[in-house]
Amino acid sequence: MHLAKKETELHIKACNDHLAHHVEEFLAEKHIYGVNVMGAPGVGKTTVLENIIRNLSCATYVVEGDIESDIDTRRLQQQNIRAVQINTFGACHLDAPLMHEAMHKMEFPEPGLLFIENVGNLVCPAEFSIGEKMKMLIVSVTDGSDKPYKYPLAFEKAGVILLNKIDLLPHVDFDEKFFMDGVRHLNKQAPLFKVCGRTGEGFKEVAEFLCAAKQSV
């Protein structure tokens, strides 16, 4: 029984990776750089995207992944940000089949950046490729400094890491050295930016990094 379950999981992953490759090719043809945005519930993923987009001069597109509702999509659309909704109706992450279907319904009139805000979760989104070029991990000082130790895969796979809500550092028990030691043990390459969604601090540098990454491919 255990072997059959393992074979099923491998088949699901293989099918997902096959469609993810198609999504990546589709976006590349349109000169769209896909960023898979990961983070736990409440870290401020949508607020982070708003701040990054304000600092970008290229065209931007957003896919909002949620189990239910379209609250964040409507919030972005009210700011004239091109955003579409994917609801998983119970699944804890976006997958390539969902992205494949959504991509063929979206319009990309200009080259630019596509932000795919995954379902709030630090486990499953790290396991599944959805056709992105980069995974962007958002963590918050209010989550505690132990996250790299508890959720290593998300940190290992991140191409960039944002530490959000740094304005709250004086008010929370966050051991920055412990956190950074854990991050760098898992991922020595990914740049880490300290940002504040409330004040906008740090997002100019994040936007510059993403623009450089987009131009390098």
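This text follows the structure it describes.
Residues numbered from 1 in each chain as written. Predicted model: local features only at pLDDT ≥ 70, side-chain atom pairs only at ≥ 80, totals over all residues. Heavy atoms only, no water.

Moving on, we come to the side chain of Glu 50. For Glu 50, the position within the fold is in helix H2 (residues 45-54). In this view, Glu 50 contacts Arg 75, Leu 76 and Gln 79; residues no more than four positions away in its chain are not counted. (Helix = DSSP H or I, 4+ residues; strand = E, 2+ residues; numbered from the N terminus. Contact = heavy atoms within 4.5 Å.)

With a phi close to 60°, Asn 80 is a non-glycine residue in the positive phi region. On the accessibility criterion, Asn 80 (72% relative accessible area) is exposed. Non-glycine residue Lys 165 carries a positive phi angle of around 65°. Among the structural elements, Lys 165 can be located in the loop between strand E6 (160-164) and helix H8 (176-186). (Buried < 20%, exposed > 50% of the residue type's maximum accessible area, 1.4 Å probe, protein only.)

Inspection of every chain in the model, using the stated rule, returns six aromatic pairs. When the centroid spacing of 6.4 Å and the interplanar angle of 70° are considered together, the rings of Phe 26 and Phe 108 count as edge-to-face. On the criterion of sequence distance, the pair formed by Phe 26 in helix H1 (residues 2-29) and Phe 108 in the loop between helix H4 (96-103) and strand E4 (112-117) is long-range, its members being 82 residues apart. Note on accessibility: Phe 26 and Phe 108 belong to one class, buried. Aromatic pair Tyr 149 and Phe 178: ring centres 4.3 Å apart, planes at 15°, arrangement stacked. Taken together, the positions of Tyr 149 in helix H6 (residues 147-150) and Phe 178 in helix H8 put the pair 29 residues apart, joining distant regions of the chain. Among the aromatic residues, those joined into a ring-pair cluster are Phe 26, Tyr 61 and Phe 108. For Lys 13, the ring lying beneath its charged end belongs to Phe 128, and the centroid distance is 5.2 Å. (Phe/Tyr/Trp six-rings, centres within 6.5 Å; stacked < 30°, edge-to-face > 60°. Lys NZ or Arg CZ within 6 Å of the ring centre and 35° of its normal.)

Our next topic: the nonpolar core. The biggest cluster of nonpolar side chains holds 47 residues, and the ones touching the most others in it are Ile 52, Phe 115, Met 136, Leu 137, Ile 161 and Leu 162. Ranked by the residues each element gives to this core, the list is headed by helix H9 (residues 203-215), at six residues. In contact with Met 136, not counting residues within four places along its chain, are Val 35, Asn 36, Val 37, Met 38, Leu 49, Ile 52, Val 160 and Leu 162. With 17 residues, the next largest nonpolar core counts Phe 26, Ile 32, Leu 94 and Leu 114 among its residues. (Core = buried A, V, L, I, M, F, W, Y, C linked by side-chain atoms within 4.5 Å.)

Glancing now at the packing of H2 against H9. In contact at an axis separation of 8 Å, H2 and H9 are set at 75° when each is read in the N-to-C sense. Here H2 is positioned roughly perpendicular relative to H9, judged by the angle of their axes. Facing Val 48, Asn 51 and Ile 52 of H2, the residues of H9 in contact are Phe 203, Val 206, Ala 207 and Leu 210. For the contact of H2 with H9, the per-class residue count stands at six nonpolar, one polar and no charged. (Axes fitted to C-alpha atoms, helices over the stretch in contact; angles between N-to-C directions. Parallel < 35°, antiparallel > 145°, perpendicular 65-115°, else oblique. Nonpolar A, V, L, I, M, F, W, Y, C, P; charged D, E, K, R; others polar.)

Moving on: the pattern of salt bridges. In the structure shown here, the tally under the stated rule is 12 salt bridges. With its nearest N and O atoms 3.2 Å apart, the salt bridge here joins Lys 105 to Glu 101. For Lys 105, a relative accessible area of 64% puts it in the exposed group. The partner of Lys 204 in a salt bridge is Glu 208, and the shortest N-O contact between them spans 2.6 Å. Here Glu 208 and Lys 204 lie together in helix H9, a separation of four residues that amounts to about one turn. Look at Glu 208 and you get partly exposed, because its relative accessible area is 44%. (Salt bridge = Lys/Arg side-chain N within 4 Å of Asp/Glu carboxyl O.)

Looking now at H2. The buried fraction of H2 amounts to eight of the 10 residues, a majority that puts the element mostly inside the structure. Those residues of H2 that fall on the buried side of the exposure criterion are Lys 45, Thr 46, Val 48, Leu 49, Glu 50, Asn 51, Ile 52 and Ile 53.

Tracing the backbone shows Pro 191 in the loop between H8 and strand E7 (192-194). Separated by 177 residues in sequence, Pro 191 and Ala 14 have C-alpha atoms that sit 30 Å apart. For Pro 191, the residues in contact, after removing those within four places along its chain, are Gly 159, Val 160, Ile 161, Arg 184 and Phe 209.

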